[in-house]
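Remarks on the overall topology
Residues per chain are reported as follows:
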Amino acid sequence: MSGLLIKNAFVIDPISGVKGEIMDIAICDGKIVEEAPRDAEIIDAKGHLTLPGGIDSHSHVCGTKVNFGRYMSPEDMRAGRTARKGVMHVTSGYSVPTTFGNSYRYSTMGYTTVLEGAMAPLEARHTHEEFTATPHQDMLANTLFDGNWSVMEAVREKDVKRAAAVVAWTLSAVKGFAIKLTNPGGTEAWGWGRDMSTIHDVVPNFEVTPAEIIGTMIRANELLNLPHSVHLHCNNLGVPGNYRTTLDTISLVPDLNKDRQSLYLTHVQFHSYGGTTWRDICSKSEDITRTINSTPHVVMDMGQIMFGRTTTMTADGPMEFKLYMLHHNKWSNHDVELETGSGIIPVYYSRKSLVNCVMWAIGLELALLTKNPWQCLLSTDSPNGAPFIKYPEIIGLLMSRRFRENERKMIDPRTEHFVPLFAIDRELEWYDIAVMTRAGQAKALGITRIGKGYLTPGAEADVAIYPIKPGEIDPSVEYQQVVAGFSRTLYTIKRGRVVARDGEVVVEGANSTIWSKSNVPAEYDMGSDPEFTRKFEQYYTVRMRNYPVQEVYLPRGKMIASEAFL
Amino acid sequence: MKIEDVVCSFCGCLCDDLVVEVEGTRVISVENGCTLASEKFLGDHRLKTPIRRDGNSWTKISYDEAIAETAEILLDADRPLLYGWSGTFGEAQSVGVHLAEILGAVIDNTSTVCHGPSILAIQEVGHPGCTLGQVKNRADVVVYWGANPVDAHPRHMSRYTTYCDGFFRKDAFKDRKVIVVDVRDTESSILADEFVKVNPGGDYAVLSALRAIVRGKRGIIPPEVEGVSREQLFRVADICMSAKFGAVFFGVGLTMAPGKNKNIRNAIEFTEELSRHTKFTISPMRGHWNVYGSNEVFTWISGYPYAVDFARGIAFYNPGETTSVDILKRGECDACLVVASDPGAHFPKECAEHLARIPTVQIDPHVNVTTHLSRIQIPVAVAGIDAEGTAYRMDGVPIRTRKLFQGQYPDDFEVLEKIYAIVKEAKG
Ligand code: SF4
Ligand SMILES: [Zn+2]
């Protein structure tokens, strides 16, 4: 038995209803327990802020397009590099760090679980290989179904159960965690150089609309009883006036699950634009949040942008091409047969660009105007809005009106005419931040059932202790201390082991990969469905037998099983 | 015993539909593969044990001895080079990168002598590509530029392009136009609907002319560009612009021709130009079955696809300086570990001579030209025959090769892990 006792911790644990109390946390064999073993190692937290390990519910860190972002960007690799030191490997990269770079940086910020936002099933093996090389976080993979031919055929036939069966087979084959739809229908249209401009456009050759795909998949998801909801990147990302598409989409969502949301909308900042062109683009965060506030069965993440350089990468191939037409830097695209697409371009978000300033304001507004922090989670869609190392600064901005006012002086002065940000007084509290960076993610992803996101007995012992004494600082004024504090934990504890201390990783990691398996009745097993297998062998370029990700790729796989209602 | 859906570990097509018959530890027949595949599976004559050069003769040594001596050579070196990697699986490549990291060595793969310039072009302008199935199911125009698939990737046309029916191309042969661009007639050019014969070294100019046409500047095209008539240039541009889905595949004939990375940059920008009118993609015809895997693995660990120098502690990348050929030419390297490739056969003479002067260790199943330059050779299992692991197809699709039987040889991963363990112990 290996034990650890954290004494005098200032704990905020929203899931357990702890809102800031000095208490001890006992750990034994990787779990939180009532009482630590006698010989337990003791850490004196000295009243410092102690939270469940951070959870990122949407980030791009592993897999084909992420690695291509590195491959095509030696300039980014040079912009962040560290030498081998102790147990730490060499790292490279600023906006798209190498796998160890991601892992160490997340770990020193107190993050212990990360969800990769987009995995193409055909290339899943690659994502899992990189998961293994991201050793300090438990990893989950959103699995792309936006342009999946078998799904679209089922949607066309109005056969929700068949759509569910395709999802079940695929998730289990590729060891994916949840359903991701990126510009549904749009990635298939991009196979012909086209895109969707409303949720009622018809996908060429498949005769289905994005609205039908989204609606069917939300129902299929619940039939499969999956831990997470459908995870949606809406159509029309980044287009002025796109807030209408977002509102139309939200209006589609039925309330089907009593434990969590029925739809997760990702990087909503990129989907909250008014106006008609880049000249009159304005914030529609008020419209969006008004709807979110009255739609408790929808959860979103911010997709905040931060000024500076980064790399955009998404399965949304057509969007990346449009972005390339604006920036004319360099452009990569990678369409994946029968499934999805992807694109990558580097960008620079400038304080001197009115458009970028409006985008920056919108992300913060979403968080400040959403009443219930459980419905708006903190993210940058890393690295699309900014690399995740910017999270502490975002926390600072959300907690301090003064910080926002100081920023206001440095951005394009016209910004205030296009956004409501500077009229908002709200300053978030420690509790809100704890919800928006871990508890909310655990609940939205449905992984509290495996002990994630809280600190009472039975939970996984993933803990972050930050050099912040909440009673002694005023975040509204001393926001720089908040930023510094969230950048570097005193201790990051993963499954009961101290893995990082004062900004340095101190042990070799041993993460898990969490995936979902929904057990379906035999007649819904696509593995033996004649139509499915015939099409598979005919149109894919790999044999069906070589497609599933073998167990060796998940040395510490953790399956969340569910029974499908089919 | 017949084994189905076997992955061919020969070329970048990484065909995964072979049927291989095995008897004990011998392959006796191969179905579905091309002649290159048959040769690989059937003509597999291996070195029996590790060997060490003693004066003018070879001495058989044990694996433990060979591994210990290799570690010692690497630890003694000031500027070790770890080269090759395209003929082994990802798990072994990964140990290779960590070995380089701990040694402060340079690690490089065979891209350095094939698609290195393509990578440089991609790093300048990006890469609009796709998986091969997109081409199979959609493409109505396929362009091979400086590539001779019939010879180098024999099943590329039948599995992915010219002869392969797809979802939107029910009769591929009729529905699809094939354009071949090359400096000479080849087995592939005979099969083309349109063969564009370019003067040697003229690719860059021809690409520029095509880009100009796509941009609507027909008026500036002279009657002939590098051996290609204006009429043909117009025709080719029209075929491309009226395509519903076009796919360019380029080979070392374009990458290694005068202009090198500039040719590829121009070809990518031609594709980008076409993307404003219709759907177009471009992809390199990667040669070795897992050369792309070595780029992928190097990248996620170190940040760079090849030519990575760890001498400064951090990962440093500067092709032209940190590339193997340059390091060897400068006589800088004082020990070399060659894994799963044959630089003796592919490097310039002066580089091969330098390899013979310094302690060179080769980990490879077969006797090859590099054997004659080496001090030690360690035979290993062949990935895809008696070893298994991850490979990345030329389009980035990862496939796990199969192990067809349990042989007597350790695999690359096992040997490298042992070397790594000794080095790590010594370096602390
Ligand atoms: S085309 Fe290449 S991968 Fe396919 S069978 Fe021939 S050598 Fe093997
Ligand atoms: Zn994303």
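As the structure is a prediction and not an experimental result, all values here were calculated from the model. (Residues numbered from 1 in each chain as written. Chains lettered and ligands numbered in written order. Predicted model: local features only at pLDDT ≥ 70, side-chain atom pairs only at ≥ 80, totals over all residues. Heavy atoms only, no water.)

So, the overall build of chain A
Convention followed: The numbering of helices and of strands both runs from the N terminus, where a helix is a DSSP run of H or I of at least 4 residues and a strand a run of E of at least 2. Just to be clear, the radius of gyration here is over C-alpha atoms, and the globule rule we use is 2.2 Å times residues to the power 0.38. Burial classification: accessible surface area is computed with a 1.4 Å probe over protein chains only, and a residue below 20% of its type maximum counts as buried, one above 50% as exposed, and the rest as partly exposed. Contact between two residues is taken to exist if any of their heavy atoms lie within 4.5 Å; hydrogens are not considered. The sign given to each residue is positive for Lys and Arg and negative for Asp and Glu; His and the chain ends receive no count. Taken as the charge centre is NZ of Lys, CZ of Arg, CG of Asp or CD of Glu, depending on the residue.
When helices and strands are counted, chain A shows 17 helices and 26 strands. Rg of the C-alpha trace for chain A: 22 Å, near the compact-globule value of 24 Å for 566 residues, within the 12% margin. Each principal axis of the C-alpha atoms in chain A carries an extent, and together these give about 65 × 60 × 45 Å. A total of 566 residues make up chain A; the buried ones form 69% of that total. A separation of at least 24 residues holds for 77% of the contacts in chain A among residues at least 6 apart in sequence. Both charge centroids of chain A, one from 58 positive and one from 65 negative side chains, sit 3 Å from each other.

Section: the sheet that holds strand β9 (residues 141–145) of chain B
Residue and element names in this part refer to chain B. The test is simple: At least two DSSP bridges between two strands are needed for those strands to be called paired. Each axis is a line fitted through C-alpha atoms, and for a helix only the stretch in contact is used; angles between axes span 0 to 180 degrees, taken between their N-to-C directions.
An order of β11-β10-β9-β14-β15 is seen for the 5 strands of this open sheet, with the pairing classed as parallel. Bordering the open sheet on either side are β11 (194–197) and β15 (279–284), each of which pairs with just one other strand. Neighbour to neighbour, the strand axes of the sheet diverge by 15 degrees on average, direction disregarded. Sheet analysis places strand β10 (residues 177–182) next to β11, joined by 4 bridges and oriented parallel. Counted as the bridge partner of Val180 is Phe195 from β11. Relative to β11, helix α10 (residues 230–241) is tilted by about 130 degrees, and along the sheet it contacts β9, β10, β11 and β15.

So, the environment of Thr255 of chain B
Residues and elements named next belong to chain B. Threshold: For this analysis, a polar contact is any N or O atom pair within 3.5 Å, provided that within protein one partner can donate a hydrogen and the other can accept it, and provided that sequence-adjacent residues contribute only side-chain to side-chain pairs.
Relative to the elements of secondary structure, Thr255 occurs in helix α11 (residues 252–255). Taking the C-alpha atoms as reference, Thr255 lies 8.3 Å from Gly116; in sequence the two are 139 residues apart. Ignoring anything within four residues of it in the chain, the contact list for Thr255 reads Cys114, His115, Pro117, Ser118, Phe250, Lys260 and Ile264. A distance of 3.3 Å separates a polar atom in the side chain of Thr255 from a polar atom in the side chain of Ser118.

With respect to the interface of chain A and chain B
Rule in force here: Simply put, the buried area is the total loss of 1.4 Å probe accessible area from both parts when two parts are fitted together. Every case where a carboxyl oxygen of Asp or Glu lies within 4 Å of a side-chain nitrogen of Lys or Arg is listed as a salt bridge. For this scheme, ten residues count as nonpolar: Ala, Val, Leu, Ile, Met, Phe, Trp, Tyr, Cys and Pro. Four count as charged, namely Asp, Glu, Lys and Arg, and the remainder, Gly too, count as polar.
The partner chain B presents 69 residues to the 60 residues of chain A that form the contact. Contact with chain B buries area across many residues of chain A, yet Tyr71, Trp192 and Thr541 of chain A alone supply 14% of it, more than any other trio. Here chain A is connected to chain B by 5 salt bridges. One salt bridge in this structure joins Arg545 of chain A and Asp5 of chain B, with 3.3 Å as the shortest N-O distance. Connecting chain A to chain B are 40 residue pairs in polar contact (both at pLDDT 80 or more). Residue composition of the side of chain A that touches chain B, by class: 25 nonpolar, 18 polar and 17 charged. In terms of strand pairing, strand β18 (residues 332–335) of chain A meets strand β8 (residues 128–130) of chain B through 3 bridges, oriented parallel.

Description of the site of ligand 1
For clarity, the threshold we go by: Distances are taken per atom, and a residue is near a molecule or strand as soon as one of its heavy atoms is within 4 Å of it.
Residues in contact with ligand 1, as listed here, are Cys8, Phe10, Cys11, Cys13, Leu14, Cys15, Gly33, Cys34, Leu36, Ala37, Pro154 and Arg155 of chain B. Its residues assigned to classes, the shell around ligand 1 shows 10 nonpolar, 1 polar and 1 charged.

Concerning the coordination of the zinc ion (ligand 2)
All names here are of chain A. What counts, and what does not: Keep in mind that water is not among the atoms, so a site may look incomplete; donors are the N, O and S atoms within 2.8 Å of the metal, or 3.2 Å for Na, K and Ca.
In this structure, His58 (NE2), His60 (NE2) and Asp381 (OD) serve as the protein donors to the zinc ion (ligand 2), at separations of 2.0 to 2.1 Å. Every donor residue of the zinc ion (ligand 2) comes from the same chain, spaced as H-x1-H-x320-D. Of this pair, His58 sits in strand β6 (residues 54–59) while Asp381 sits in the loop between β20 (376–377) and α13 (391–399), and the two are 323 residues apart along the sequence. The pair His58 / Asp381 is uniform in exposure class, with both members buried.

Digging into the domain arrangement of chain B
All names here are of chain B. Rules: Each domain's limits were defined by an automated method or a database of domain assignments.
With domains assigned, chain B is organised as domain 1 (46–113 + 289–427) and domain 2 (116–284). Each of domain 1 and domain 2 has a C-alpha centre, and the two are 34 Å apart. Counting each side, the surface lost to burial between domain 1 and domain 2 is near 920 Å², with a carbon and sulfur contribution of 62%. It is Arg393, Met394 and Asp395 in domain 1 that bury the most area against domain 2; as a group they hold 50% of the surface buried on that side. The tally of links from domain 1 across to domain 2 stands at 0 salt bridges.

What to know about the side chain of Lys279 of chain B
Relative to the helices and strands, Lys279 of chain B is located in strand β15. Lys279 of chain B gets classed as buried once you look at its relative accessible area, which sits at 3%.

Describing the layout of surface pockets
If a probe the size of a water molecule is rolled over the atoms, the empty space left behind becomes visible. Where we set the bar: Computed over the protein atoms alone on a 1 Å grid, cavities are sets of points where a 1.4 Å probe fits but cannot get out and pockets are open sets with protein on both sides within 12 Å along at least five of seven lines; a residue lines them when it has an atom within 4 Å of a point. Grid points are joined across faces, edges and corners, and a volume is the space filled by probe spheres set on the points.
Empty space within the second largest pocket amounts to approximately 920 Å³. Phe100, Thr132 and Ala133 of chain A together with Ser94 and His98 of chain B are the residues nearest the centre of the second largest pocket, which is lined by 35 residues in total. For the lining of the second largest pocket, the secondary-structure elements that each account for two or more residues are α3 (99–108) and α4 (124–132) of chain A together with α3 (90–103), α13 (291–302) and α17 (412–427) of chain B. Per element, the largest residue contribution to the lining of the second largest pocket is 5 residues, and it comes from α3 of chain B. Class assignment of the residues belonging to the lining of the second largest pocket gives a composition of 16 nonpolar, 11 polar and 8 charged.

Points about unusual backbone geometry
Residues and elements named next belong to chain A. Following Ser382, the chain continues into Pro383 via a peptide bond in cis, with omega recorded as 0 degrees. Mapped onto the elements, Pro383 comes out in the loop between β20 and α13. The backbone phi angle of His267 is positive, close to 35 degrees, even though this residue is not glycine. A positive phi angle, near 60 degrees, is found at Leu338, a position not held by glycine. Along the chain, the position of Leu338 falls in the loop between β18 and β19 (343–349). The class for Leu338 is buried, based on a relative accessible area of 8%.

Quick word on the packing of helix α9 (residues 203–214) of chain B against α10 of chain B
All names here are of chain B. To keep things clear, this is the line we draw: In this scheme, roughly parallel covers angles under 35 degrees and roughly antiparallel covers those over 145, while 65 to 115 is roughly perpendicular and the rest are oblique. Helix crossings fall into two classes, left-handed where the near helix is turned counterclockwise from the far one by less than a right angle and right-handed where it is turned clockwise.
Orientation of α9 relative to α10, taken along the N-to-C sense of each, is 60 degrees, at an axis distance of 10 Å. Considering the angle they form, α9 stands oblique to α10. Between α9 and α10 the crossing geometry is right-handed. Note on element contacts: α10 touches α9 through Leu233, Phe234, Val236, Ala237 and Met241, opposite Val206, Ala209, Leu210, Ile213 and Val214. Partitioned by chemical class, the residues of the contact of α9 with α10 number 10 nonpolar, no polar and no charged.

Focus: the pattern of salt bridges
All names here are of chain A. Evaluation of the coordinates by the stated rule reveals 62 salt bridges over all chains. Note that Lys322 is salt-bridged to Asp195, the shortest N-O span being 2.9 Å. Of the two residues, Lys322 is situated in helix α11 (residues 317–327) and Asp195 in the loop between α7 (186–190) and α8 (210–224); the sequence distance between them amounts to 127 residues. Each member of the salt-bridge network shares a partner with another, and the members are Lys31, Asp138, Lys452, Glu460, Asp462, Lys494, Arg495 and Lys558.

Notes on the side chain of Thr98 of chain A
Inspection of the secondary structure assignment puts Thr98 of chain A in the loop between β8 (91–92) and α3. The buried category is assigned to Thr98 of chain A, whose relative accessible area is 0%. If near-sequence neighbours (up to four positions away) are discounted, Thr98 of chain A is found in contact with Arg70, Val90, Thr91 and Ser92 of chain A together with Thr299, Trp300, Ile301, Ser302 and Gly303 of chain B.

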